[in-house]
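# Secondary and tertiary structure notes
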4 protein chains.
Amino acid sequence: MTKIKIASIGLGRLGMVHTQHLSELKEEVELLASFALDDAQLDYAKEHFGIKPYKDWKKMIDEEPLDAIVITSPTAFHPEMTTYALNAGLHVFCEKPLGINMDAVEEMVHAVKDHPNQIFQLGFMRRFDPSYQEAKRMLDAGELGEILYLRAYGIDPISGMESFVKFASDNDSGGVFLDMAIHDIDLVRWFTGQNPKKVWAVTNSIAEPKLEAIGEVDIGVANLEFERGMMATIVAGRSASHGNHVEFEIMGSKGWIRIGQEANPHYSTLFTQKGIVKPYMQSFPERFSQAFVAELKAFAEAVKVGSPSEIGANLEDGLESLKIAEVAKISAEKDEIVSL
Amino acid sequence: MTKIKIASIGLGRLGMVHTQHLSELKEEVELLASFALDDAQLDYAKEHFGIKPYKDWKKMIDEEPLDAIVITSPTAFHPEMTTYALNAGLHVFCEKPLGINMDAVEEMVHAVKDHPNQIFQLGFMRRFDPSYQEAKRMLDAGELGEILYLRAYGIDPISGMESFVKFASDNDSGGVFLDMAIHDIDLVRWFTGQNPKKVWAVTNSIAEPKLEAIGEVDIGVANLEFERGMMATIVAGRSASHGNHVEFEIMGSKGWIRIGQEANPHYSTLFTQKGIVKPYMQSFPERFSQAFVAELKAFAEAVKVGSPSEIGANLEDGLESLKIAEVAKISAEKDEIVSL
Amino acid sequence: MTKIKIASIGLGRLGMVHTQHLSELKEEVELLASFALDDAQLDYAKEHFGIKPYKDWKKMIDEEPLDAIVITSPTAFHPEMTTYALNAGLHVFCEKPLGINMDAVEEMVHAVKDHPNQIFQLGFMRRFDPSYQEAKRMLDAGELGEILYLRAYGIDPISGMESFVKFASDNDSGGVFLDMAIHDIDLVRWFTGQNPKKVWAVTNSIAEPKLEAIGEVDIGVANLEFERGMMATIVAGRSASHGNHVEFEIMGSKGWIRIGQEANPHYSTLFTQKGIVKPYMQSFPERFSQAFVAELKAFAEAVKVGSPSEIGANLEDGLESLKIAEVAKISAEKDEIVSL
Amino acid sequence: MTKIKIASIGLGRLGMVHTQHLSELKEEVELLASFALDDAQLDYAKEHFGIKPYKDWKKMIDEEPLDAIVITSPTAFHPEMTTYALNAGLHVFCEKPLGINMDAVEEMVHAVKDHPNQIFQLGFMRRFDPSYQEAKRMLDAGELGEILYLRAYGIDPISGMESFVKFASDNDSGGVFLDMAIHDIDLVRWFTGQNPKKVWAVTNSIAEPKLEAIGEVDIGVANLEFERGMMATIVAGRSASHGNHVEFEIMGSKGWIRIGQEANPHYSTLFTQKGIVKPYMQSFPERFSQAFVAELKAFAEAVKVGSPSEIGANLEDGLESLKIAEVAKISAEKDEIVSL
């Protein structure tokens, strides 16, 4: 078995997580190099994961004998980097979403289509989480019957507000639908196998009016209508006082499944004057630690066998989710239903 | 202390519950008579609650020395009965909703307004449930911060489908919004103190296509937009496989409260080959047994002191909820947003 | 149907609860009179439940045309009152335990045996709670398999400590096993159908050393060994910071049932900075409100049909539980195993 | 930083888990070799973890340039292997318990004491689990007040019965206290900082009488009395129908903490005709995956800095736990209290 020679682009919070995971997948991949602009990040990755540091990502792609690359840059860079890497003959794992600017994404789409023998996988890692996997299995096995309604929450902890404001002041996050709700948009598509027909989205910043000054909002609610009157409600937000609230529910005709209702990160229950108290999950890397590893393993396997992962999201998934997120954004601006 | 002389109209499922409760409120009321068309119901109520049976409700109102009446007839009769009772000088407790036909409701509205010194209370009993009471207290005390989003589920058990189909084949239930969602429409108004600006509702009968043949639907999802982009999602339905799923959530800027997440009717947990298993509430009279008593107590107290219950729903509450339910129905028919 | 003419002895906390329930069981009983020493209690009961007040319980038994009596006096009075009532021809419902002094209890035993046609029921109400009923049903149906181990907690809230200290300073509570653990001793006997062979009990007052000054303890742990090495652990206590923690577990070979694991008195869950928070049951009258009514109904039914309730505890149950509690007390004093 | 050169002894279920973890701790250790008798195990470990295979453990210790060794052999071999490795100058991580035969353990004790500069750490991994860590932190910070009572369950799934019977037919497992309860014996000592004064243990095989034919039992209940009347109840067993039930509770004067009450391995809740259903943890490697890694990291760190881990169990912990387990075994045989 030959290992896949790989490099990573981006050593921010999630980029570092991916890079660490790549360093641990010793059987599947050989991690050669990483790109970042920040010296401290490069030093850390070099010391802990043995990567060769680069401050020029094109140079890294050109010089290293790579089979594949993992891109975790700010979203706006995804199209250019993906296109460059594909043209250089690499398989590409790219963080979600595809991009922010649709013109740039168009180019990316062409690049992916022009290289049909190269794997392109998008980082919708929730699909790989054991709970979502179990939901999918039950649904496909008919154990939940037909889907009547779906609900998804993805609310970041208020504790991350300050750093988000700083980030979003300097960068275009893409907004609450493109940046956050897109995970659940993808899941709704994955579970139903359908694209919505109509979308009505509404946003507010009641809790955090300061977000509007930087072109952001706190809460986004997107209602998606599918064939036969099936609906999905997706709520994304940035200000949960209790933690990182990621919840998903499928209301089926034979049974419902709810994921993340009480996401206790460990197994303790307190009985105190406050009542019955359980901790709540604080960070998404902790919540999805297994999924983050599994999606990279699936990518490595896909590269090895030469055909895409059945679970992993592909170009079309990325494109459709992006369109729906865009439509949600437009719907929220107009405060009216937008048809797809 | 003089007891309130009272009679009940209707001895169906809920009417019998009310009549029993009236018979137990010995300190507050003196239950004199009940009206029903069904002999078996009348016999049962006579034997167990000592009522004088009537098969003519007008005669009962005319002949009995009543102070007040509790109306639990099919919705379409509410306006006429309420009006007649008010004109006869009685205080009226009427089940929700006000009515089905808006013209008839108009008359009822006039009757209530014409008798400002008589109590009129509408049967939105959930307001009296300890969990909803606690949510209201926390909200009013500022403990939840500002409301960012609300979600309500009211899904009847599939086990009741057959009897509902029979009922709805012979009667106009009012439909999923008027008959079912209206409880949560009232609660959303009660918690927020606001009326929605826009509504988008969608329905489906994916699980139970036969409902469409009798002019009904299974699932109704109503999305309500309020000032500042605050939204509420209300899901009503008739086909939960696990029981009577009544859930309500307030997402607040300082904390969330969720009611009915795991409505275990008692206190047992099983550990078996199936996993960790808890029973789920099967019937609404069981779920809201305390609330049903409390709302009648509040009505009796209101009659006694001569001013309406602060918690109980009044005419305006009934009217606004009805309008919203109507708008939801229209929105679902047109599949578009309707403004109020 | 003739109603049972009944009176109540004792209008303390639990006595008032019983008296109220008797007043509400209108179909089954006619509540005539109540005995108490306290004027305020008598006045309250007279006003609310329409009882004829007595400050001399013998006089009440002698003068009123009673069929039955409900005794909720301090434990030490149970034997004398029960004996007197039985001799007066009354059916007796007596609060647990039978008594404190074994000589007095002997007399009571004789009185009960001398009046085999009069119902004697002991107030082990937990047997009537829906959760315990369900456990019994499952066990009898073989759904839990054979019992391998049992565990019971009965811990009073620390909030009641002050009033308990006051009470126990003036009265003989009987101690932690006789006063508290006896409920679970009864349940263990009820579920297993066995009496234990050996007992080892240990007590401590680590949390509340002041209890020792008045001859009480805080925590009592009794380990009971049954045939074939089956064990039960019963923990009674007086200082739970979170509420009234009543929990019971049957570890069966086919499944386990646990009652009261998270005894949320209503249906709310909070998500706040403290985590996921649920309230905990604070009072036993609230926890066992249904059971308290059901045991009186069963008593009334037993009187009516002339044979004891199948669920209700009888003299032997009371006697055996008392012996086991006594043995636990002795075992704790000696800190050694005591055989029965 | 120099990496610790390490080898593993034993490639059974847990031995393979340890070996995999060692292979992943790339920054801390360099995994050189493994010993096993089984060729398939050696082949698997060679292929996946790159170890050099040995079928003679002494030879492996003699020939490889090792700093440390991880011993996961059957318990009876622990003393000899530990002694040999210590004498060869190696640091030793040894699975619990120390051994089965006390004479052999005596030798081991001398060996550890004779090499005070070599790290010896025992595999009580539960101490490293985040939930137990949190309990310890709260306890040490005074947040739970003083300990009033402790309870521990460690019940293996019935699904493992067949393979256990096969194993125990050929090997001396040590019995339910030495093999299973010892984890909780260690935890009780760790949390309380005390050794018990008295023990009463009882066993049964009601569910699985066949175990007695091979000198084993199904259920073991050990009651431990500590200073001031504090008690601990430890229940170990082999036949839970629902999974691997590992639960631990500290009843404190200020609050209780309960670990593993509903050990859902992921985050899903089902609502079906069966009620509210959550999966239960099936395997201990899954339950303690983080702890197994953390204890090896702590061992590597201890070796590196030259002083034992503060959390990890040392020789005395192993010795005292072993004594208590032995006393429990004797108590169960005699069915009487045994003092320590």
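Residues numbered from 1 in each chain as written. Chains lettered and ligands numbered in written order. Predicted model: local features only at pLDDT ≥ 70, side-chain atom pairs only at ≥ 80, totals over all residues. Heavy atoms only, no water.

- Under an unreviewed UniProt entry, chain A has the name Inositol 2-dehydrogenase and belongs to Lactococcus termiticola.
- Of chain A, the UniProt comment under Sequence similarities (unreviewed entry) reads exactly: "Belongs to the Gfo/Idh/MocA family." (UniProt positions renumbered as here; feature names shortened; annotations may be inferred.)

## Brief notes about the overall build of chain A
- A count of helices and strands for chain A gives 12 helices and 15 strands.
- Along the longest, intermediate and shortest principal axes, the C-alpha atoms of chain A span 55 × 50 × 45 Å.
- Residue pairs in contact within chain A that sit at least 24 positions apart in sequence constitute 71% of those at least 6 positions apart.
- For chain A, the accessible area works out to roughly 12400 Å², and carbon and sulfur atoms hold 47% of it.
- Considering chain A, the positive charge centre built from 33 side chains and the negative charge centre built from 51 side chains are found 3 Å apart. (Helix = DSSP H or I, 4+ residues; strand = E, 2+ residues; numbered from the N terminus. Contact = heavy atoms within 4.5 Å. Areas by Shrake-Rupley, 256 points an atom, 1.4 Å probe, with all protein chains shown as cover. Lys, Arg positive; Asp, Glu negative; His and termini not counted. Charge placed at Lys NZ, Arg CZ, Asp CG, Glu CD.)

## Thoughts on empty space enclosed by the protein
All names here are of chain B.
- Applying the stated rule across the entire model yields 1 cavity of 30 Å³ or more.
- Around the largest cavity, the lining residues are Gly-174, Phe-177, Leu-178, Ala-325, Glu-326 and Lys-329.
- Put simply, the parts of the chain that give the lining of the largest cavity at least two residues each are helix 8 (175-192) and helix 12 (315-334).
- No other element matches the 3 residues that helix 12 contributes to the lining of the largest cavity.
- Considering only residue class, the lining of the largest cavity consists of 3 nonpolar, 1 polar and 2 charged. (1 Å grid on protein atoms, 1.4 Å probe; cavity = no way out; pocket = protein on both sides within 12 Å on 5 of 7 lines; lining within 4 Å. Points joined across faces, edges and corners; volume = space filled by probe spheres on them. Nonpolar A, V, L, I, M, F, W, Y, C, P; charged D, E, K, R; others polar.)

## What to know about the sheet that holds strand 3 (residues 52-54) of chain D
Residue and element names in this part refer to chain D.
- If you trace the 6 strands from one edge of the open sheet to the other, you get 3-2-1-4-5-6, paired in parallel fashion. Across the chains shown, the open sheet's two edge strands, defined by having one partner strand only, are strand 3 and strand 6 (120-122). The mean angle between the axes of side-by-side strands here comes to 20°, regardless of whether they run parallel or antiparallel.
- With 3 bridges joining them, strand 5 (residues 91-94) and strand 6 adopt parallel strand pairing. Note on strand 6: the bridge partner recorded for Phe-93 is Gln-121.
- This element, helix 1 (residues 13-24), spans strand 1 (4-9), strand 2 (29-35), strand 4 (68-71) and strand 5 of the sheet and lies at about 150° to strand 2. (Pairing = 2+ DSSP bridges. Axes fitted to C-alpha atoms, helices over the stretch in contact; angles between N-to-C directions.)

## Re the relation of the copies chain A and chain B
- It takes a turn of 180° to lay chain A on chain B, together with a shift of 0.0 Å along the axis; the resulting RMSD is 0.0 Å. Those values place the two copies in the arrangement expected of a two-fold rotation axis. For chain A, the smallest separation between a C-alpha atom and the rotation axis is recorded for A:Ile337, amounting to 3.5 Å.
- The overlap is high: 100% of the interface residues of chain A also sit at the interface in chain B, so the same surface is used on both sides. (Least-squares fit on C-alpha atoms with pLDDT ≥ 70 in both.)

## Details of helix 7 (residues 161-170) of chain B
Residue and element names in this part refer to chain B.
- Here helix 7 has its buried residues at Met-161, Phe-164, Val-165 and Ala-168. Taken down its axis, helix 7 places every buried residue within 100° of arc, on the same side. Opposite the buried face of helix 7, by more than 90 degrees, sit the exposed residues Glu-162, Ser-163, Lys-166 and Asp-170. (Buried < 20%, exposed > 50% of the residue type's maximum accessible area, 1.4 Å probe, protein only. Arc of directions from axis to C-beta.)

## Observations regarding the interface of chain A and chain B
- The interface is formed by 44 residues belonging to chain A together with 44 residues belonging to chain B.
- Interface of chain A and chain B: buried area, both sides summed, is about 3600 Å²; carbon and sulfur atoms make up 62% of it.
- Of all residues in chain A, the largest losses of buried area upon contact with chain B belong to A:Trp200, A:Ile206 and A:Trp256, amounting jointly to 19% of the total for that side.
- Residue A:Lys198 is joined to B:Asp335 by a salt bridge in which the shortest nitrogen-to-oxygen separation is 3.2 Å.
- At the boundary of chain A and chain B, one finds 17 residue pairs in polar contact (both at pLDDT 80 or more).
- When contributions to the side of chain A that touches chain B are tallied by element, the ones reaching two or more residues are strand 7 (147-157), strand 8 (198-204), strand 9 (219-225), strand 10 (231-240), strand 11 (245-252) and strand 12 (256-259) of chain A.
- When its residues are assigned to classes, the side of chain A that touches chain B shows 19 nonpolar, 12 polar and 13 charged. (Buried area = accessible area lost by both parts, 1.4 Å probe. Salt bridge = Lys/Arg side-chain N within 4 Å of Asp/Glu carboxyl O. Polar contact = N/O pair within 3.5 Å; in protein donor to acceptor, adjacent residues only side chain to side chain.)

## Comments concerning the packing of aromatic side chains
- With the rule as written, the count across this model stands at 48 aromatic pairs over all chains.
- Three or more aromatic residues joined by ring pairs form one cluster here, namely A:Tyr132, A:Trp190, A:Phe191, A:Phe248 and A:Phe288.
- One cation-aromatic arrangement involves B:Arg151 over B:Tyr153; the distance from NZ or CZ to the ring centre is 4.6 Å. (Phe/Tyr/Trp six-rings, centres within 6.5 Å; stacked < 30°, edge-to-face > 60°. Lys NZ or Arg CZ within 6 Å of the ring centre and 35° of its normal.)

## Comments concerning the relation of the copies chain A and chain D
- For these two chains of identical sequence, chain A goes onto chain D by a turn of 180° and a shift of 0.0 Å along the axis, with RMSD 0.1 Å.
- Both copies share a contact surface, since 100% of the interface residues of chain A are interface residues in chain D too.

## A closer look at the interface of chain A and chain D
- Between chain A and chain D, the contact holds 27 residues from the first and 27 residues from the second.
- If you sort the residues of chain A by the area they bury against chain D, A:Lys26, A:Tyr267 and A:Phe271 come out on top, with a joint share of 28%.
- Seen at the junction of chain A and chain D, the total is 0 salt bridges.
- Applying the counting criterion to the chain A and chain D interface returns 12 residue pairs in polar contact (both at pLDDT 80 or more).
- The set of elements that each furnish at least two residues to the side of chain A that touches chain D consists of helix 6 (130-140), strand 12 and strand 13 (268-272) of chain A.

## Quick look at the UniProt feature "domain: GFO/IDH/MocA-like oxidoreductase" (unreviewed entry) in chain A
- According to UniProt, the feature "domain: GFO/IDH/MocA-like oxidoreductase" (unreviewed entry) maps to residues 132-258 of chain A in the numbering used here.
- Here residues 132-258 of chain A is 32% helix and 36% strand, with 9 Å between the C-alpha atoms at its ends.

## Some remarks on the domain arrangement of chain A
Residue and element names in this part refer to chain A.
- Structurally, chain A comprises domain 1 (4-118) and domain 2 (127-285 + 320-339).
- The distance between the C-alpha centroids of domain 1 and domain 2 comes to 27 Å.
- Every contact between the two is made by 10 residues of domain 1 and, on the other side, 13 residues of domain 2.
- When domain 1 packs against domain 2, close to 950 Å² is buried across both sides, 72% of that on carbon and sulfur atoms.
- A per-residue breakdown of the area domain 1 buries against domain 2 is headed by Arg-13, Lys-96 and Ile-100, which together make up 52% of the total. (Domains from an automatic or database assignment.)

## Digging into the packing of helix 8 (residues 175-192) of chain C against helix 12 (residues 315-334) of chain C
Residues and elements named next belong to chain C.
- It is the contact of helix 8 with helix 12, at a shortest axis distance of 9 Å, that shows an interaxial angle of 125°. In this view, helix 8 runs oblique relative to helix 12, as classed from their interaxial angle. Every pair of crossing elements has a handedness; the one defined by helix 8 and helix 12 is right-handed. In contact with Phe-177, Leu-178, Ile-182, Ile-185, Asp-186 and Arg-189 of helix 8, helix 12 contributes Glu-316, Asp-317, Glu-320, Ser-321, Leu-322, Ile-324, Ala-325, Glu-326, Ala-328, Lys-329 and Ala-332.
- Classifying every residue of the contact of helix 8 with helix 12 gives 9 nonpolar, 1 polar and 7 charged. (Parallel < 35°, antiparallel > 145°, perpendicular 65-115°, else oblique. Left-handed = near helix turned anticlockwise from the far one by under 90°.)

## Focus on the UniProt feature "domain: Gfo/Idh/MocA-like oxidoreductase N-terminal" (unreviewed entry) in chain A
- Per the UniProt annotation, the sites labelled "domain: Gfo/Idh/MocA-like oxidoreductase N-terminal" (unreviewed entry) are residues 4-119 of chain A.
- Strand forms 21% of residues 4-119 of chain A and helix 46%; the C-alpha atoms that close the span are 13 Å apart.

## Considering the packing of helix 6 (residues 130-140) of chain C against helix 8 of chain C
Residues and elements named next belong to chain C.
- The contact between helix 6 and helix 8 brings their axes to 10 Å, and the two run at 25°. With respect to each other, helix 6 and helix 8 are oriented roughly parallel. Residues Tyr-132, Gln-133, Ala-135, Lys-136 and Leu-139 of helix 6 lie in contact with helix 8, whose contacting residues are Leu-187, Trp-190 and Phe-191.
- Classifying every residue of the contact of helix 6 with helix 8 gives 6 nonpolar, 1 polar and 1 charged.

## Description of the side chain of A:Ser268
All names here are of chain A.
- Relative to the helices and strands, Ser-268 is located in strand 13.
- Classification of Ser-268 by relative accessible area gives buried; the value is 3%.
- At 3.3 Å, the side chain of Ser-268 forms a polar contact with the side chain of His-266.

## Here we look at the sheet that holds strand 5 (residues 91-94) of chain C
All names here are of chain C.
- With parallel pairing, the 6 strands of this open sheet are ordered in space as 3-2-1-4-5-6. The sheet is open, and its two borders are formed by strand 3 (52-54) and strand 6 (120-122), each paired with just one other strand. Across this sheet, the average inter-strand angle for adjacent strands is 20°, counted without regard to direction.
- As paired strands, strand 1 (residues 4-9) and strand 2 (residues 29-35) are joined by 6 bridges and run parallel to one another.

## Description of the pairing of strand 12 (residues 256-259) of chain D
- Judged by which residues are buried, strand 12 of chain D turns out to be covered on both faces: D:Trp256 and D:Arg258 on one side and D:Ile257 and D:Ile259 on the other are all buried.
- As paired strands, strand 13 of chain A and strand 12 of chain D are joined by 4 bridges and run antiparallel to one another. Each residue of the ladder has a partner; that of A:Ser268, found in strand 12 of chain D, is D:Ile259.
- In the sheet, strand 11 (residues 245-252) of chain D pairs with strand 12 of chain D via 4 bridges, with the strands oriented antiparallel. The residue bridging D:Phe248 from the neighbouring strand is D:Ile259, located in strand 12 of chain D.
- Remark: 3 residues form the turn of the hairpin made by strand 11 of chain D and strand 12 of chain D, two consecutive strands paired antiparallel.

## Examining the environment of C:His110
All names here are of chain C.
- If you trace the backbone, His-110 turns up in helix 5 (residues 102-114).
- Judged by its relative accessible area of 48%, His-110 falls in the partly exposed class.
- It is 34 Å that separates the C-alpha atoms of His-110 and Leu-139, two residues lying 29 residues apart in sequence.

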